[in-house]
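Geometric and topological summary
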Amino acid sequence: MPALSADWDDLRYFLAVARDGSTLGAGRTLRVSQTTVARRLAAFEAALGLVLFERRQAGYALTPAGEALVARAEAVEAAVASFAEAAAVQSRDSTGSVCLTATEFHAITILPPILRDLHSAHPGIRIELETSDRPLDLAAGEADVALRGGVIAASGGLVGRRIGADPWTVYCSRAYAAAHARPSSAADLRGHAIVGGGGDRVWPAYREWLRQHRLEEAVTIHHSSASGLLAAVRAGAGLAVLPSFIADRDPDLVRCLPPARSDHSELWILTHERLRHTPRIRAVMDFLGERLAKLAREAPVPYEGRWAE
């Protein structure tokens, strides 16, 4: 049995000559020179160890061996066309599930209206919103897309878009500020009730912040969830340290102090590089990125108060 190294192009040349009956006509069909067609056809015959055409003065005529292979070559042609069509559909197909991981803070504040509009724009995409107490591993496939705040280091094959700065600082409700006088310095904080907690992704760093400022004893209520923490602050239960990207855009909250200059936290939308060109992932990344970037461009709350005592 001859060793065959033919590719689809070999079959294209074979079928073009079979259909046109000449290398000149096949060249016009394939948009190549007559010489190229003759050379490729001769090489194909040599690779097969068969004579596929009789070279006549009037043109090329299939030999019995050639006639026996035409139907099979046409079957390959149809399969290639079907494959190309399916691939084109896949490249345009923005449907399916996308697992989005985010903190509870983001999930209950800025994301709901964005995800509502995402569904309107891409009704074939189903979002699975995961608010795990730990950051999910995108490289391991635990989630497809992540909205993350903090100091983000590029690693593990992650790619994405920086949305904007997201340092944490002190906030209270408008009602609390009216009733108790909003603190305007670090020293003022010690005279106010502090709402603590926020869940496992929030409380460790929050607690350390309180320790550094000698405010841990001022915590009067501890919530095990971010939603509980945010609800308590909005209700006027006390002050809390919150991410500025969210809190600055909350109409019920007011900032008490500017973020510390040492806080370089940022908000990012991330995915793994192996998923970046998947249509549904790209659609979600682009939509979230644009909407969040629009929020970031809105004028932030002016820094108020001071840290110096």
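Above this note sits the structure.
Here is what the cut-offs are and how they apply
- Residues numbered from 1 in each chain as written.
- Predicted model: local features only at pLDDT ≥ 70, side-chain atom pairs only at ≥ 80, totals over all residues.
- Heavy atoms only, no water.
- Phe/Tyr/Trp six-rings, centres within 6.5 Å; stacked < 30°, edge-to-face > 60°.
- Helix = DSSP H or I, 4+ residues; strand = E, 2+ residues; numbered from the N terminus.
- Buried < 20%, exposed > 50% of the residue type's maximum accessible area, 1.4 Å probe, protein only.
- Lys NZ or Arg CZ within 6 Å of the ring centre and 35° of its normal.
- Salt bridge = Lys/Arg side-chain N within 4 Å of Asp/Glu carboxyl O.
- Pairing = 2+ DSSP bridges.
- Expected span 1.5 Å × (residues − 1).
- Polar contact = N/O pair within 3.5 Å; in protein donor to acceptor, adjacent residues only side chain to side chain.
- Arc of directions from axis to C-beta.
- Axes fitted to C-alpha atoms, helices over the stretch in contact; angles between N-to-C directions.
- Contact = heavy atoms within 4.5 Å.

Things to note about the packing of aromatic side chains
By the definition in use, this model includes five aromatic pairs. Look at Phe105 and Trp168: their rings are 6.0 Å apart centre to centre, the planes differ by 70°, and that puts the pair in the edge-to-face class. Note that Phe105 is positioned in helix 5 (residues 104-108) and Trp168 in strand 7 (residues 168-173), a separation of 63 residues in sequence. For Phe105, a relative accessible area of 2% puts it in the buried group. Residue classification places Trp168 among the partly exposed residues on the basis of a relative accessible area of 27%. Three or more aromatic residues link up through ring pairs in this structure, and these residues are Phe14, Phe44, Phe53 and Tyr60. The residue whose ring lies beneath Arg249 is Phe245, and the NZ or CZ to ring-centre distance is 4.3 Å.

Notes on the pattern of salt bridges
A complete count under the given rule lists 18 salt bridges for this structure. For Arg56, the salt bridge goes to Glu54, with nearest N and O atoms at 2.9 Å. The exposure class of Arg56 is exposed, given its relative accessible area of 52%. We classify Glu54 as partly exposed; its relative accessible area is 36%. Residue Arg207 is joined to Glu216 by a salt bridge in which the shortest nitrogen-to-oxygen separation is 2.7 Å. Look at Glu216 and you get partly exposed, because its relative accessible area is 25%.

Here's the deal with the pairing of strand 10 (residues 240-243)
Two faces, one strand: in a regular strand the side chains alternate between the faces of the sheet. Side-chain alternation along strand 10 places Ala240 and Leu242 on one buried face and Val241 and Pro243 on a second face that is also buried. As paired elements, strand 7 and strand 10 share four bridges and run antiparallel to each other. Residue Thr169 lies in a different strand from strand 10, and its bridge partner there is Leu242.

Brief notes about helix 1 (residues 8-20)
Look at helix 1: 18 Å from first C-alpha to last across 13 residues, which is about the 18 Å you get at 1.5 Å a residue. If you check which residues of helix 1 are buried, you get Asp10, Leu11, Tyr13, Phe14, Leu15, Ala16 and Val17. At the N-terminal end of helix 1, a side-chain oxygen is found 3.0 Å from the backbone nitrogen of Asp9, two or three residues along, and the residue is Asp7. At the C-terminal side of helix 1, Gly21 shows a positive phi close to 75°.

Quick notes on unusual backbone geometry
The bulk of non-glycine residues show a negative phi, and the bulk of peptide bonds are trans. With phi around 60°, Arg31 is a residue other than glycine that occupies positive phi space. For Arg31, the position within the fold is in the loop between helix 2 (23-30) and helix 3 (34-48). Unusually for a residue other than glycine, Arg214 sits at a positive phi of about 55°. Relative accessible area serves as the criterion here: at 73%, Arg214 is assigned to the exposed category.

Let's talk about helix 3
Look at helix 3: 21 Å from first C-alpha to last across 15 residues, which is about the 21 Å you get at 1.5 Å a residue. Burial in helix 3 covers these residues: Thr36, Val37, Leu41, Phe44, Glu45 and Leu48. Each buried residue of helix 3 lies within a common arc of 160° when the element is viewed along its axis, so the set occupies one face. Turned more than 90 degrees from where helix 3 packs its buried face, Thr35, Arg39 and Ala46 sit exposed. Downstream of helix 3 by a residue or two, Gly49 has a phi angle that is positive, lying close to 75°.

Some remarks on the sheet that holds strand 4 (residues 125-130)
Ordered by their spatial adjacency, five strands build an open sheet running 4-3-5-12-6, and the pairing between neighbours is mixed. Two strands close off the open sheet at either side, each with one partner strand: strand 4 and strand 6 (158-165). Within the sheet, the average angular offset between the axes of one strand and its neighbour, ignoring direction, is 20°. Relative to strand 4, strand 3 (residues 96-101) runs parallel, the two being bridged by six bridges. Looking at strand 4, one finds that Val98 is bridged to Ile127. The strands touched by helix 6 (residues 111-121) within the sheet are strand 3, strand 4 and strand 5 (145-150), with strand 4 carrying the most contacts at an inclination of about 160°. Strands in contact with helix 11 (residues 279-297) are strand 3, strand 4, strand 5, strand 6 and strand 12 (266-272); relative to strand 6, the strand with the most contacts, it is inclined by about 15°.

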